[in-house]
Amino acid sequence: MSSFTDSGPSGDPRRLTNRNTNRYSVNQLYSMAAENDPDIEDDLSRAQKRLRDLKARISSQSKKNFVLERDVRYLDSRIALLIQNRMALDEQNEVQQHLEEVEPNEGAYPPERRLTQYSNLFFLLQSEPRHIASLCRLVSLAEIDTLLQTVMFTLYGNQYESREEHLLLTMFQSVLSAQFETATEFGSLLRANTPVSRMMTTYTRRGPGQSYLKSVLSDRINGLIEHRDLNLEINPLKVYEQMVTQIEEETGTLPPNLPRGVPPEVAAENPDVQAIIAPRLTMLMEIANSFLLTIIEGMETVPYGIRWICKQIRSLTRRKYPDATDYAICSLIGGFFFLRFINPAVVTPQAYMLVEAVPAKHPRRTLTLIAKMLQNLANKPSYAKEVYMASLNPFVENNKARINLFLNNLCEVGDFYDTLEMDQYMALSKKDLMIHITLNELYNTHSLLTQHISVLAPNDKQHLRILMEELGSAPPQVPRKENRTLDLALFSRWETPIQDITTALMAENNVTQNEILYMETKSIFVQLIRSIPHAAEKRPINLSAIAEKAATSKDATLVRKGIKVKEMLRELEELKVVDRKDEYKLMQEEVAAELAHLGNLREKVLQETRSLESVYKTICDHNNYLRGQLEQYKAYLQNVRFAADKGAAGGVGVLAYGGKERKQPKTAPQGPFRYTHAQLEKEGIIVESNVPDNRRPNIYFNISSPTPGTFIIALHYKGREKAILEMDLKIDDLLEKQKDNKHLLDLEYVQLNVPKVLALLNKIFSKKK
């Protein structure tokens, strides 16, 4: 199976010829056989194997990240309850389950007959995407994440395999068509947070989308955040407040004409504020232009699937709203491409692993303003809520035509229906079609289908209805330790597996036996040349000599192929398809063209491998980031379990069963543990420091925990007994800061990174208990 690349199905120039002819499908089949012969061990085959393994690892890791992100989202909301003292002990136990990392090794697999039924069911669901498309529209927002996990990362989890990718996109087409059919007004299309919009966002977070974001945005964002002190705030009220604070710090008083607490209009009319904002507007527009140019220039690297979804949005809009202007249509395409894909990565680059640490305060604000500008450009801007953003309207006006051209060009990709037909043939001939699925994914999908079967398959003769009636009611969800993963073989009950794909394609496409013989002969020659060192160094290629060399070699596989290809050449000559007198010139040329393609293919494979290695690293880094967050929640929950009265140092009063509060066990103070300024700076815990460089070697920090959940960070200067500064911290305050995306902790002389402080406290104190 040739791998699906971001260039889409029409990315291979060799395969553009005779695209719609019957001979094309069979010719493609033999080309694929020559590319992926398991008997061949050369540079290309080794590179292809490395690439396949890497793609499998990316697909598997993407699924793990999706599951972790769900756990983190769930825990965010539950930890908020802990902070507000509202969670009972039974809820804590439920939270604890999400924190446990267990390797499921208990529990039983379903019986053989039931597994066969699931094999039939999931083959049907995978190969007929309309069922999943309907189900995604029927489930609630609370149910969609679990279903998306199964659809995006299990059912169509092989993110770089053409058949699964194309089937997934076919499902998107059904979902979007239904969304447009039921839309009541143009303005609401694809805007609200619905199962469909969640689905589209999840699709962009798969491997190819992450790869694109890293290659296009990473350098731009990193270049911007290097300028930590560059303040480009343009909200007049904030600029005014910053200005009066600075004047007060410098002079010790405020002049009477600059009072605090003025309304926005007064701040906007202040001439000094206007003078501060004017050059910032120019700079913001220059930066936004540089981001826009990078995005436009990177159009060819946008993953095929994302471009194809843009194409469907344009096509459906034109059909549903024939009078819609090009500008209105582009605002819908931009709503998906920018709002769901580009902007989240611009606003929170650390969550997409585009940067190594949370950007400092000023660059973070600049990125938010850039994202707002791009969104206003892609959508019809409304400045009602943020009047000051209207000052940046020249950026929107100057780039409107440019962005519309880009969004329309984004839609210019070929369809994949002919390729998909070929892929479906291949699937029926495969013996090893399978998915890796957990028991809970199996049972959850079963349960959702059962709930909605009357809508999904109202007729009792429909295949889906028959399978669901045979399966009966869904088993309940199993505990995590019993949630085993199984390799579920997929096969159809109703379609006969194709034993001989060549014969099937001949019958379907009216291709003659002679053409099949010719293509198979060419394919074997390509395989032989790849297997015999230096076989094609001399040109023109001597096909007879290569066949003879193979037939008389010491390798049994080569001997078999050599004898076979000699016989096939003889047959082709008798049929007057080729001629020995011209040394089989036509075949020579076609074999040479195929070898040239394979040489280029090797370069493409190596290039794609280099690109995907970077993606894999990014996805693994993100996995570590998510695990770090879970570790912090774990430490917090342990501390909460020690807490006693609501006012106690531990922070939170926790009700046990029967409404009685637990007594806090006596625990000895821990620490202090000493860290130098250089250590904390190297770890990225110190984000900004006002300590002069020459004094930093004399600064150190003592970190202690007088009671569980409470910490003291003390800043010391060597030679002085007393601390220069002490700060009391409660872990719930730190977690609340993190939850509200307030990533900086101000210690007057230094600013600390909140997530990294949490990780450090967890590392020091959870191990010492």
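Residues numbered from 1 in each chain as written. Predicted model: local features only at pLDDT ≥ 70, side-chain atom pairs only at ≥ 80, totals over all residues. Heavy atoms only, no water.

A. Expanded view of the overall build of the protein chain. Assigned secondary structure in the protein chain consists of 28 helices and nine strands. Taking the intrachain contacts of the protein chain between residues at least 6 apart in sequence as the baseline, contacts between residues at least 24 apart amount to 75%. As displayed, the protein chain offers around 36,600 Å² of accessible surface, 51% of which is attributable to carbon and sulfur atoms. (Helix = DSSP H or I, 4+ residues; strand = E, 2+ residues; numbered from the N terminus. Contact = heavy atoms within 4.5 Å. Areas by Shrake-Rupley, 256 points an atom, 1.4 Å probe, with all protein chains shown as cover.)

B. Geometry of helix α14 (residues 326–347). Residue Phe338 marks the point of greatest curvature in α14, where the axis turns by about 40°. Taking burial as the measure, the 22 residues of α14 include 17 buried ones, the bulk of the element. (Bend = angle between axes of the 7 residues up to and from the residue. Buried < 20%, exposed > 50% of the residue type's maximum accessible area, 1.4 Å probe, protein only.)

C. Inspection of the nonpolar core at higher detail. In this structure, Leu121, Phe122, Leu217, Ile295, Phe337, Ile342 and Leu488 are the most contacted members of the largest nonpolar core, which totals 122 residues. With 11 residues, α14 is the single largest residue contributor to this core. Leaving out residues up to four positions away in the same chain, Phe122 has contacts with Thr150, Leu155, Ile435, Ile437, Leu442, Thr445, Leu488 and Leu490. (Core = buried A, V, L, I, M, F, W, Y, C linked by side-chain atoms within 4.5 Å.)

D. Seen up close, the state of the cysteines. This structure, assessed with the given rule, holds zero disulfides. Counting only cysteine sulfurs, Cys411 is the nearest neighbor of Cys310, a cysteine outside any disulfide, at a range of 5.5 Å. The buried category is assigned to Cys310, whose relative accessible area is 0%. Take Cys330: it sits in no disulfide, and the sulfur closest to it among the cysteines is that of Cys411, at 7.3 Å. Residue class for Cys330 comes out buried when judged on its relative accessible area of 0%. (Disulfide = S-S within 2.5 Å.)

E. Just the pairing of strand β2 (residues 485–489), in detail. Residues Leu486 and Leu488 of β2 are buried on one face, while the alternating residues Thr485, Asp487 and Ala489, pointing to the opposite face, are not. Bridging between strand β1 (residues 434–438) and β2 involves five bridges; their strand directions are antiparallel. In the sheet register, Ile435 faces β2, and the bridge partner there is Leu488. (Pairing = 2+ DSSP bridges.)

F. Summary view of the sheet that holds strand β5 (residues 699–707). Strand order in the open sheet made by the four strands is β3-β5-β6-β7, with antiparallel pairing throughout. If you trace the sheet from one side to the other, it starts and ends with β3 (670–676) and β7 (725–730), each paired once. Ignoring strand direction, the axes of neighbouring strands in this sheet form an average angle of 20°. Bridge analysis of strand β6 (residues 710–717) against β7 gives six bridges, and the strand direction is antiparallel. (Axes fitted to C-alpha atoms, helices over the stretch in contact; angles between N-to-C directions.)

G. Layout of the packing of aromatic side chains. Throughout the structure, instances matching the rule amount to six aromatic pairs. Judged by centre distance (4.9 Å) and plane angle (35°), the rings of Phe66 and Phe153 are tilted. Taken together, the residues Phe66 in helix α2 (residues 43–83) and Phe153 in helix α6 (residues 141–155) connect sequence positions 87 residues apart. Its relative accessible area of 7% is what places Phe66 among the buried residues. Ring centres 5.7 Å apart and planes at 65° place the aromatic pair Phe337 and Phe406 in the edge-to-face group. You can see Phe337 sitting in helix α14 and its partner Phe406 sitting in helix α16 (residues 393–410), a full 69 residues away along the chain. For the pair formed by Phe337 and Phe406, the shared burial category is buried. In this structure an aromatic cluster arises from ring pairing among Tyr212, Phe337, Phe338, Phe341 and Phe406. Above the face of the Tyr352 ring, Arg205 is positioned so that its terminal group lies 4.2 Å from the ring centre. Between the NZ or CZ atom of Arg674 and the centre of the ring of Tyr700, over which it lies, the distance is 3.7 Å. (Phe/Tyr/Trp six-rings, centres within 6.5 Å; stacked < 30°, edge-to-face > 60°. Lys NZ or Arg CZ within 6 Å of the ring centre and 35° of its normal.)

H. Structural detail: the confidence of the model for the protein chain. Of the residues in the protein chain, 80% have a pLDDT of 70 or more, and the chain-wide mean is 78. For the protein chain, the element scoring lowest by mean pLDDT is helix α21 (residues 501–509), at 49; helix α12 (residues 271–297) scores highest, at 95. Here residues 85–90 is modelled with pLDDT under 50, and outside its nearest four sequence neighbours on either side it reaches 18 contacts, counting other chains as well. In this model, residues 644–664 is a region of pLDDT below 50 whose contacts with residues beyond four sequence positions or in other chains number 46 contacts. (pLDDT = per-residue confidence, 0-100.)

I. Just the pattern of salt bridges, in detail. Inspection of the entire model under this criterion finds 21 salt bridges. Here Arg696 ties to Asp693 by a salt bridge, and the two come within 3.5 Å at their closest N and O atoms. It is possible to trace a salt-bridge network through shared partners that takes in Glu567, Arg570 and Glu574. (Salt bridge = Lys/Arg side-chain N within 4 Å of Asp/Glu carboxyl O.)

J. Here's a closer look at the sheet that holds strand β4 (residues 686–689). Strand order in the open sheet made by the three strands is β4-β9-β8, with antiparallel pairing throughout. Unpaired on one side and paired on the other, β4 and β8 (744–746) mark the two borders of the sheet. For this sheet the average axis-to-axis angle between neighbouring strands, irrespective of direction, equals 25°. In this sheet, strand β9 (residues 750–753) lies alongside β4 in antiparallel orientation, the contact comprising three bridges. Across the sheet, residue Ser689 finds its bridge partner in β9, namely Val750.

K. View of the side chain of Arg280. By the element assignment, Arg280 lies in helix α12. Buried and unpaired, Arg280 has no salt bridge, with Glu233 as the nearest side chain of opposite charge at 6.6 Å. Ignoring anything within four residues of it in the chain, the contact list for Arg280 reads Asn231, Leu232, Glu233, Ile234, Val239 and Gln242. (Lys, Arg positive; Asp, Glu negative; His and termini not counted.)

L. Representation of unusual backbone geometry. Here the phi dihedral of Lys576 falls at roughly 60°; this positive angle occurs in a residue that is not glycine. One can find Lys576 in the loop between α24 (556–574) and α25 (585–642). Unlike most non-glycine residues, Tyr584 shows phi in positive territory, near 55°. Looking at the element boundaries, Tyr584 is found in the loop between α24 and α25. According to the relative accessible area criterion, Tyr584 is buried, its value standing at 4%.

M. Spotlight on the packing of helix α22 (residues 513–531) against helix α23 (residues 543–551). Running from N to C, α22 and α23 cross one another at 65°; their axes reach a closest spacing of 10 Å. Accordingly, the angle class assigned to the pair α22 and α23 is roughly perpendicular. Where α22 crosses over α23, the handedness of that crossing is left-handed. Listed contacts from α23 to Phe525, Leu528 and Ile529 of α22 are Leu543, Ile546, Ala547 and Ala550. (Parallel < 35°, antiparallel > 145°, perpendicular 65-115°, else oblique. Left-handed = near helix turned anticlockwise from the far one by under 90°.)

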